[in-house]
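Below are the chains, spelled out letter by letter.
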Amino acid sequence: MNGALGFRVKSGWAAGVLLTGLADSPQLHDRRVIQLCDPTVPESKQPYHAKMGMLQTDEDKIERLRKIIFKAAQNSVDVWLNELQKDGKIRRAGLVVGSDIDPAKIANPHIRAHALEGRLFRTVLQESVELQGVSCSIFVERKVYEQAAEILKHSEKDLKQSLTQMGRLSGGSWRGDDKLAALAAWLSLTDS
């Protein structure tokens, strides 16, 4: 199986998609939600948020939550990849992230908390995937369609139509996060 994973990273979870085949005609093989936090530890979904939207500054608490988050992400990724590796080796993945801004450059503490969480969830997902021997590429949401149009030699409109059609064939809900995850997988198929 020639396949590639794609993820749209969110706070505490990621949309995950496996595309198989060639970059000329990718096929949706599997999709699921990847947990990046522990639902039994609610603060692991927003570890940099203190009460009332304030930035969490207790480093011991943040470190404890980071460990919980990494374990949750690693478990979720391991389960999925172990299932998928039965059919063949997955070698590539793409992650779509909201931003690549350095959180330290953000003055507003509440916005910085969101940026720190975005960086944390992206990092733990990437590390969890790479621990399984799968290399990752990072794409920023606001640039990914433009990059894909150039790499895949399709217009952005055609890419969006293809992704919408892919979702129709899958049955069930197929939202923007799923489409972005599929686009990241599609881009990763070009490197497989």
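Refer to the structure printed above.
Everything numeric in this text was worked out from a predicted model, so none of it was measured. (Residues numbered from 1 in each chain as written. Predicted model: local features only at pLDDT ≥ 70, side-chain atom pairs only at ≥ 80, totals over all residues. Heavy atoms only, no water.)

Draft legend 1. Summary view of the sheet that holds strand β5 (residues 135-140). Here we have five strands laid out as an open sheet, ordered β3-β2-β1-β4-β5, and mixed in their pairing. Strands at the two margins of the open sheet, each flanked by one partner only, are β3 (27-35) and β5. Adjacent strand axes in the sheet meet at a mean angle of 20 degrees, parallel and antiparallel pairs treated alike. Direction of pairing for strand β2 (residues 13-20) relative to β3: antiparallel, over a ladder of eight bridges. Bridge pairing links L19 to L28 in β3. Contacts between helix α1 (residues 59-84) and the sheet are confined to β1 (3-9), β2 and β3, with β3 contributing the most and set at about 155 degrees to the helix. (Pairing = 2+ DSSP bridges. Helix = DSSP H or I, 4+ residues; strand = E, 2+ residues; numbered from the N terminus. Axes fitted to C-alpha atoms, helices over the stretch in contact; angles between N-to-C directions. Contact = heavy atoms within 4.5 Å.)

Draft legend 2. Inspection of α1 at higher detail. In this model α1 runs 37 Å from its N-terminal to its C-terminal C-alpha over 26 residues, within 8% of the 38 Å that 1.5 Å per residue would give. Looking only at α1, the buried set comprises I62, L65, I69, A72, A73, S76, V77, W80, L81 and L84. Those residues of α1 that are buried lie in contact with β1, β2, β3 and α2 (109-131). The opening residue of α1, the one whose side-chain oxygen lies 3.1 Å from the backbone nitrogen of D60, is D58. (Expected span 1.5 Å × (residues − 1). Buried < 20%, exposed > 50% of the residue type's maximum accessible area, 1.4 Å probe, protein only. Polar contact = N/O pair within 3.5 Å; in protein donor to acceptor, adjacent residues only side chain to side chain.)

Honestly, it's all geometry; don't read function into it.
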